Amino acid sequence: MTLTEREREIVALLRRDPLIGSQGMAAELGTTRAAVNVHLSNLGKKGVILGRGYVLGDEPPVVVIGGANMDVKARSATTAVAATSNPGTASMTAGGVGRNIAENLARLGTRTHLVAAVGSDALGDQVLAATSGAGVHVEHVRRSARATGTYTAVLDSDGELVVAVADMAATDELSPEHVSAARDLIASAGLVVLDGNLGAAALELALDLASAAGVRVLLEPVSVPKANALAHLIEPGRPLFAITPNRDELTALTGLPARTERQLTTAVRALHVRGVVHVWVRLGARGSLLSGAGESIRLDAAPADVVDVTGAGDAMLAAFCHALLAGDSPGQAAAYGHAAAALTVASPHTVRADLTDRLVRALQREVVR
């Protein structure tokens with residue numbers, strides 16, 4: 001079933017506020033109540049809306065399994081100088097690759113569940129409150145005896161990352177037993193997203209549970225060390241729908257160089273042989289390469305004034321998943337992901353609080369013009 005762009009916008013509004021009403025939707029979308037009612041009628045015929053109360057049908061959720069922590073970001077006021085003190089600013093916000101992906105998905109209007117671990121401490125309370133407040137279901141986030149993880153990033157004055165240190169002890173404690181507790185949720189998901197910060201045993205079980213249920217899995221390798229640790233899990237017996245490495249992570253996953261175009265193609269092909277349907281390679285300012293279904297698509301990065309690069313990849317993957325579930329092709333979904341990433345780097349926030357499907361689609365239309 002395919003939804004029109006306006007129908008997707010209406011569904012996103014209803015997910016954010018089920019009581020908004022047709023007049024409220026018309027005001028949000030800049031259209032008339034009569035026009036909204038036509039779209040609502042069509043959504044009813046498609047089975048997306050049930051009954052007369054704008055109740056959304058039970059669309060399979062996205063289940064994200066991965067890290068949740070507190071982000072500490074320090075930004076130098078001028079070009080950073082190594083091995084000395086630099087004047088600047090600092091902030092703390094809820095973060096973690098898995099958690100960030102989940103929040104982006106929820107803000108775009110996709111029903112999302114997070115399987116993660118945070119400490120039984122004040123930071124854990126803050127992370128849980130921020131995540132559930134954004135609309136993510138957190139009933140499968142366990143409280144650990146370990147301290148809530150932290151990700152400390154130092155940014156240069158232009159928003160580019162200088163160095164980061166991740167303390168993910170609580171996520172490391174997320175065991176196969178904790179993943180198993182969400183097995184019914186995983187089996188009923190529309191998509192499962194796995195964060196490479198997971199331990200190998202937990203990651204392996206999550207892959208097996210999703211594979212057994214026929215659920216599509218997307219894997220974010222996160223870093224070169226994490227990609228090295230999980231590379232042995234990628235095999236035809238547990239096929240992946242998509243994996244999202246950069247060049248260095250692609251090399252870690254395959255053991256093959258990926259600097260030249262020919263090397264990149266060979267390394268991507270090696271992952272296809274190992275059961276990966278779509279390989280989406282992040283190429284930084286050069287955009288990305290999406291390989292799958294017998295074709296390779298080059299996508300340009302959407303133009304953006306960079307304020308803070310943190311969280312761009314998380315927004316990109318979340319938007320990709322959201323668009324796939326909305327009926328977009330993988331190529332269209334990847335382009336949508338680039339637009340969400342551009343909006344994110346143009347913001348000082350790791351996850352934009354104002355991120356919506358409508359905002360991303362508007363940027364896409366602007367880029368096309």
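Residues numbered from 1 in each chain as written. Predicted model: local features only at pLDDT ≥ 70, side-chain atom pairs only at ≥ 80, totals over all residues. Heavy atoms only, no water.

## What to know about helix 5 (residues 122-133)
Taking 1.5 Å per residue, 12 residues should reach 16 Å; helix 5 reaches 16 Å between its end C-alpha atoms and fits that length. Restricting attention to buried positions, one finds in helix 5 the residues G124, V127, L128 and T131. Along the long axis of helix 5, the arc covered by the buried residues comes to 95°, so they all point the same way. Every exposed residue of helix 5 that faces more than 90 degrees away from the buried side is listed here: A122 and G133. Buried-residue contacts for helix 5 involve strand 4 (69-76), strand 5 (88-95), helix 4 (97-108), strand 6 (112-119) and strand 7 (137-144). Positive phi appears at G135, one or two residues downstream of helix 5, with a value of about 105°. (Helix = DSSP H or I, 4+ residues; strand = E, 2+ residues; numbered from the N terminus. Expected span 1.5 Å × (residues − 1). Buried < 20%, exposed > 50% of the residue type's maximum accessible area, 1.4 Å probe, protein only. Arc of directions from axis to C-beta. Contact = heavy atoms within 4.5 Å.)

## Details of the pairing of strand 8 (residues 149-155)
Bridge count for strand 4 against strand 8 is 7 bridges, and the pairing is parallel. Bridge pairing in strand 8 links D71 to Y151. In textbook terms, the turn of a hairpin is the stretch between consecutive antiparallel strands, and for strand 8 and strand 9 (residues 161-167) this stretch comprises 5 residues, one of which, G159, has a positive phi near 90°. (Pairing = 2+ DSSP bridges.)

## Quick word on the environment of A252
Mapped onto the elements of the fold, A252 is located in helix 11 (residues 247-254). Counting along the chain gives 23 residues from A252 to A229, while the straight-line C-alpha distance between them is 8.9 Å. Leaving out residues up to four positions away in the same chain, A252 has contacts with V224, A227, N228 and A231.

## Here we look at the packing of aromatic side chains
Note on aromatic pairs: each is described by the distance of the centres and the angle between the planes. Enumeration according to the criterion identifies 1 aromatic pair in this entry. A centroid spacing of 4.8 Å and a plane angle of 40° characterise the contact between W280 and F320, whose relative ring orientation is tilted. Taken as a pair, W280 in strand 13 (residues 276-282) and F320 in helix 13 (residues 312-325) lie far apart in primary sequence, 40 residues in all. For W280, a relative accessible area of 1% gives the class buried. Residue classification places F320 among the buried positions, given a relative accessible area of 0%. Directly above the ring of F241 sits R216, whose terminal nitrogen or CZ lies 5.1 Å from the centroid. A cation over a ring is seen here: R282 above W280, with NZ or CZ 4.7 Å from the ring centre. (Phe/Tyr/Trp six-rings, centres within 6.5 Å; stacked < 30°, edge-to-face > 60°. Lys NZ or Arg CZ within 6 Å of the ring centre and 35° of its normal.)

## Some points on helix 4
In this model, helix 4 (12 residues) spans 17 Å end to end at C-alpha, consistent with the 16 Å of a helix rising 1.5 Å per residue. Restricting attention to buried positions, one finds in helix 4 the residues V97, G98, R99, N100, I101, A102, E103, N104, L105, A106, R107 and L108. After helix 4 finishes, the residue G109 shows a positive phi value of roughly 110°.

## Comments concerning the packing of helix 1 (residues 5-16) against helix 2 (residues 21-29)
Two numbers describe a pair of packed helices, the interaxial angle and the distance between the axes. The contact between helix 1 and helix 2 brings their axes to 11 Å, and the two run at 120°. As judged from the angle between their axes, helix 1 and helix 2 are oblique. For the pair helix 1 and helix 2, the crossing hand works out as right-handed. Listed contacts from helix 2 to R6, E9, I10, L13, L14 and R16 of helix 1 are M25, E28 and L29. The class makeup of the residues in the contact of helix 1 with helix 2 is 5 nonpolar, no polar and 4 charged. (Axes fitted to C-alpha atoms, helices over the stretch in contact; angles between N-to-C directions. Parallel < 35°, antiparallel > 145°, perpendicular 65-115°, else oblique. Left-handed = near helix turned anticlockwise from the far one by under 90°. Nonpolar A, V, L, I, M, F, W, Y, C, P; charged D, E, K, R; others polar.)

## Structural notes on the sheet that holds strand 4
Strand order in the open sheet formed by 4 strands is 5-4-8-9, with mixed pairing between adjacent strands. The open sheet terminates on both sides in strands that have one partner only, identified here as strand 5 and strand 9. Strand-to-strand twist across the sheet, computed as the mean angle between neighbouring axes with direction ignored, equals 15°. Along the sheet, helix 5 contacts strand 4, strand 5 and strand 8; its crossing angle with strand 4, the most-contacted strand, is approximately 90°.

## Points about the pattern of salt bridges
Counted according to the given criterion, the structure contains 19 salt bridges. Between D328 and R8 there is a salt bridge, and its shortest N-O distance comes to 3.5 Å. Here D328, found in the loop between helix 13 and helix 14 (330-345), pairs with R8, found in helix 1; they are 320 residues apart in sequence, far enough to count as distant. With respect to class, D328 is no different from R8; both count as buried. With a shortest N-O distance of 3.2 Å, R146 and E173 are connected by a salt bridge. (Salt bridge = Lys/Arg side-chain N within 4 Å of Asp/Glu carboxyl O.)

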